[in-house]
Amino acid sequence: MSVAALRLIRCRRLSSTGPGVKKVLPWRDIRKIAKMTGAVILGGCMFITYEVVSLNKAVRIDTQAIQQEKLKSYIYLSATPSKEQENLGTGLTYKARRELHKAARRFLEVSSRILLRPLDAAPAARPMITAEHLSRMDADPHEVALWVLLKRACSANRTTRLSAVQELAQNHHWQDYQYQTAAQAIDQRTALGLARTSQVDQRFFLSPPVLPWVEDRLSVEDGLRQLLASLPQSEVDQCVQYFTSLALRESTQSLAAQRGGLWCFGGNGLPYAQSLTSVPSEKVESFCLQALVQHSKVQSHCDHIVANGGLQLLQRVYQLRRDSPKIQRNIVRIIGNLALNDSVHQAIVQSGWVPVLAGMMQSPHIIQASHAARALANLDRETVKEKYQDGVYVLHPQCRTSQPIKADVLFVHGLLGAAFKTWRQKDCEPTEEKAAGASEDYTECWPKSWLAADCPNLRVLSVEYDTHLSDWRAKCPVENQRMSLAYRSRELLKKLKSAGVGDRPVVWVSHSMGGLLVKKMLLDASRDPDMRELMKNTKGVMFYSVPHHGTFMAEYSVNVRYLLFPSVEVRELCRDSPALRDLNVNFLNMAKDREFNVLSFAETMPTTIGPMIKILVVPTQSADLGIGDLVQVDVDHLNICKPEKKDSFLYKRSLQFIQDALKGYTSH
């Protein structure tokens, strides 16, 4: 009104200054201007009020989280515009809203600094303002839940942290920008917990750091060779030295072959002269990775590998060799060995290995997933106190679980076996597979797929060690000195103790020569005061065609060279071997004193060895331990530990034995 009055007075003065002066603004025009001005002011006030109210609903940020993670929260605020923003008429409005968001963020930041405490830390004299109150007052509960869970995941209380990580993983209704916010905000401990959660959303993890561009794979080979050459060669055993020298020699010859063109003949360079494709590179990389596996077992070498850029180099090889599961398994095997050392955990996480391992954990291939599960378990010091050495794999549970573990079942393979392939489902004939459609339900490892489902409160482990029919086939020339049962027993007992085997009731499951190794380990444990708990908690032993009294197989050969240099383990399997006889007698005496359950399976069908030889590898007389039950099965030596299907007699009888041996310790 004052503005209009002033204009009116001025107009009247102008109109009365002289007879020749016209009116500047008539009264009617002044009224129009006043109405227009008032409308603009009123509309502006209403627009600002609307935007403030909208902002009050849209800004869904915990002030404490803003104080601690203000830089990271920018991802959340600068994400792709929502539908509401897209529907706004002009870009000017959106810019205004963005400025208001910035102002509100600064206001909340200042407020949090003034309060110097989180909203849920109110004094006892006044009502506590919790996150739930905040969500009811001024925010969307889903949005507040993210920040509240992120804050709880960093709590000093372990139970609170574990619960928050579980709730984070179970929420699947968030938008992409919220996952991006979480990926920026979570700490190392939370990231590992999410990675070890079943079927976790991969958007919780940041992508691995971008590595510098490399023009060709030759530089990768150079990097591997330089890394190996930089590692100490002193104070390592002969096998580590052998693998390192072999890898360096192969890499050097490959380099000369590829740079010298096709005219390369003689020695190991001949295969590389045939082609300049990725095949030679892959072979050289395999040699180098095999050497790095051996070095990663030496604790003092792990720091050297990390300090010399080994984690980034392995990340590059992993990305380049996505089509080679074997190379990827060796790389993850190295990461799992490095993770045994707590001092390099931060470097492993910062190198981007957590999302890689989390993705590999969800692989449909059990072998791939188990290698990743071992590495993550060694990294997760929040819920896993055990450490899984090289060759010890957790088949179940591979993820964090609220199911209490009541007992262990340990699988030990035999001659020429492996931690996974020995325990696969029986291979179907092509005609049977088509008729029954067995390929869809086929499992690469029945202890992982079947036993874990039937007994979820068991921890299922499988061990792996190298075996050979002949010293000619040994990977390391000096390895034949380590092949005796006595040496293997000592090495495996150390690894199993590190994995916590013996802390709870345990059942041993073995095939062929693995049964002899189990008997030797139990005898050694009975004489070691530090392993008394393992003997005390052994509740049962199951043998699949174990040659307690030797086997004819040790006296035969598929190839003449096996007759010239039979390996140590083959010589120990000869019939009526004094070592086997002493082992059997001592084990029988111990088993009778301990009174644990024993079940033996015996094969009745000959095994095809080569094109013309069929032999009953372990006769029933040799498979009979002398105590416990003996069950004959109409299968050969290779399939005695491979049930045809889940409802087959072989699996059902094995499951029954495990459940009976652990009766009273587990609940079904």
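Small disclaimer: the values here were computed from a predicted structure and weren't measured.

A.B. asks: Help me out: how do you make sense of the overall build of the chain in this one?
C.D. replies: Of regular secondary structure, the chain possesses 31 helices and nine strands. Of the contacts formed within the chain by residues at least 6 apart in sequence, a portion of 75% connects residues at least 24 apart. Roughly 33,900 Å² of accessible area belongs to the chain as shown, and the carbon and sulfur atoms make up 54% of that amount.

A.B. asks: Explain the sheet that holds strand 2 (residues 407-412) to me, please; I cannot follow it from the model alone.
C.D. replies: Within a sheet, neighbouring strands are paired by backbone hydrogen bonds and run either parallel or antiparallel to one another. Strand order in this open sheet of seven strands is 1-3-2-4-5-6-9, and the pairing throughout is mixed. The open sheet terminates on both sides in strands that have one partner only, identified here as strand 1 (392-396) and strand 9 (629-633). Mean inter-strand twist for the sheet, computed between neighbouring axes without regard to direction, equals 20°. Bridge count for strand 4 (residues 506-511) against strand 5 (residues 538-544) is six bridges, and the pairing is parallel. Residue pairing for strand 5: Trp508 is matched across the bridge by Val541. Against the sheet, helix 25 (residues 513-527) engages strand 2, strand 4 and strand 5, with an angle of about 145° to strand 4.

A.B. asks: What exactly am I supposed to notice about the nonpolar core here?
C.D. replies: Buried together is how nonpolar side chains tend to be arranged in soluble globular proteins. Of all hydrophobic cores here, the largest spans 66 residues; its most connected members are Leu194, Phe204, Leu292, Leu338, Ile348 and Trp353. Two domains each provide a minimum of three residues to this core, namely domain 1 (131-185) and domain 2 (210-256 + 278-384). With residues near it in sequence (within four places) discarded, Leu194 still touches Val165, Leu168, Ala169, Ile186, Val200, Phe204 and Phe205. The next biggest cluster of nonpolar side chains, apart from the first, holds 42 residues, and it includes Leu496, Leu534, Leu588 and Ile627.

A.B. asks: It is not clear to me how the pattern of salt bridges should be interpreted in this structure. Could you clarify?
C.D. replies: Side chains that differ in sign of charge can pair as their charged atoms come close. One pass over the full model with this rule turns up 17 salt bridges. Across the pair Lys387 and Asp342 runs a salt bridge whose closest N-O atoms are separated by 3.5 Å. Here Lys387, found in the loop between helix 21 (366-379) and strand 1, pairs with Asp342, found in the loop between helix 18 (325-338) and helix 19 (345-350); they are 45 residues apart in sequence, far enough to count as distant. On the basis of relative accessible area, Lys387 is assigned to the partly exposed category, the value being 22%. Where Asp524 meets Lys520, a salt bridge forms, and the shortest distance between an N and an O atom there is 3.5 Å. Here Asp524 pairs with Lys520, and both are found in helix 25, just four residues apart, close to one helical turn. Classification of Asp524 by relative accessible area gives buried; the value is 17%. Residues joined by salt bridges that share partners form a network here, namely Asp176, Asp201 and Arg203.

A.B. asks: I would appreciate a short explanation of helix 18 in the present structure.
C.D. replies: In an α-helix, one turn spans 3.6 residues; hence positions three or four apart end up facing the same way. When the terminal C-alpha atoms of helix 18 are compared, their 20 Å separation across 14 residues agrees well with the 20 Å that a helix rising 1.5 Å per residue should span. Most of helix 18 sits out of view: ten of its 14 residues are buried. Where helix 18 is concerned, the buried positions are Ile327, Gln328, Asn330, Ile331, Val332, Ile334, Ile335, Gly336, Asn337 and Leu338.

A.B. asks: Looking at this structure, how should I read the environment of Val332?
C.D. replies: Mapped onto the elements of the fold, Val332 is located in helix 18. The class of Val332 is buried, set by a relative accessible area of 0%. Sequence separation between Val332 and Leu357 is 25 residues; the distance between their C-alpha atoms is 7.9 Å.

A.B. asks: Explain the packing of helix 9 (residues 158-170) against helix 11 (residues 188-195) to me, please; I cannot follow it from the model alone.
C.D. replies: To characterise two packed helices, one gives the angle between the axes of the helices and the distance between these axes. Put simply, helix 9 and helix 11 touch, their axes get as near as 10 Å, and they point 55° apart. By the angle between their directions, the pair helix 9 and helix 11 is classed as oblique. Seen from above, helix 9 lies across helix 11 with right-handed handedness. Two secondary-structure elements touch here, helix 9 through Arg161, Val165, Leu168 and Ala169 and helix 11 through Arg189, Thr190, Gly193 and Leu194. Its residues assigned to classes, the contact of helix 9 with helix 11 shows four nonpolar, two polar and two charged.

A.B. asks: Looking at this model, I keep getting lost on a nonpolar patch on the surface. Mind explaining?
C.D. replies: Residues Phe47, Ile48 and Val52 make up a contiguous nonpolar surface patch of roughly 270 Å² in combined accessible area. Mapped onto the secondary structure, Val52 falls in helix 2 (residues 27-58).

A.B. asks: Would you take a moment to explain the packing of helix 17 (residues 310-320) against helix 20 (residues 353-361) for this structure?
C.D. replies: Put simply, helix 17 and helix 20 touch, their axes get as near as 11 Å, and they point 40° apart. Our classification of the angle between helix 17 and helix 20 gives oblique. Handedness of the helix 17/helix 20 crossing: left-handed. Contacts between helix 17 and helix 20 involve Leu311, Leu314, Gln315, Tyr318 and Gln319 from the first element and Trp353, Val356 and Met360 from the second. Classifying every residue of the contact of helix 17 with helix 20 gives six nonpolar, two polar and no charged.

A.B. asks: Please explain the packing of aromatic side chains as it appears in this structure.
C.D. replies: For any pair of aromatic rings, geometry is given as the distance between the ring centres together with the angle between the planes. With the rule as written, the count across this model stands at 14 aromatic pairs. Ring geometry for Tyr179 against Phe204: centres 5.0 Å apart, planes inclined by 80°, an arrangement best described as edge-to-face. Here Tyr179, found in helix 10 (residues 176-185), pairs with Phe204, found in the loop between helix 11 and helix 12 (218-230); they are 25 residues apart in sequence, far enough to count as distant. By the burial criterion, Tyr179 is buried, and Phe204 matches it. Arranged with centres 6.1 Å apart and planes meeting at 50°, the rings of Phe587 and Phe596 form a pair that is tilted. One exposure class covers both Phe587 and Phe596, and it is buried. An aromatic cluster of at least three residues, connected via ring pairs, comprises Phe411, Trp423, Trp446, Trp450, Tyr544, Phe601 and Tyr651.

The rules behind each value
- Residues numbered from 1 in each chain as written.
- Predicted model: local features only at pLDDT ≥ 70, side-chain atom pairs only at ≥ 80, totals over all residues.
- Heavy atoms only, no water.
- Helix = DSSP H or I, 4+ residues; strand = E, 2+ residues; numbered from the N terminus.
- Contact = heavy atoms within 4.5 Å.
- Areas by Shrake-Rupley, 256 points an atom, 1.4 Å probe, with all protein chains shown as cover.
- Pairing = 2+ DSSP bridges.
- Axes fitted to C-alpha atoms, helices over the stretch in contact; angles between N-to-C directions.
- Core = buried A, V, L, I, M, F, W, Y, C linked by side-chain atoms within 4.5 Å.
- Buried < 20%, exposed > 50% of the residue type's maximum accessible area, 1.4 Å probe, protein only.
- Domains from an automatic or database assignment.
- Salt bridge = Lys/Arg side-chain N within 4 Å of Asp/Glu carboxyl O.
- Expected span 1.5 Å × (residues − 1).
- Parallel < 35°, antiparallel > 145°, perpendicular 65-115°, else oblique.
- Left-handed = near helix turned anticlockwise from the far one by under 90°.
- Nonpolar A, V, L, I, M, F, W, Y, C, P; charged D, E, K, R; others polar.
- Patch = residues over 30% accessible without salt bridge, like charges linked within 9 Å, V, L, I, M, F, W, Y side chains within 5 Å.
- Phe/Tyr/Trp six-rings, centres within 6.5 Å; stacked < 30°, edge-to-face > 60°.

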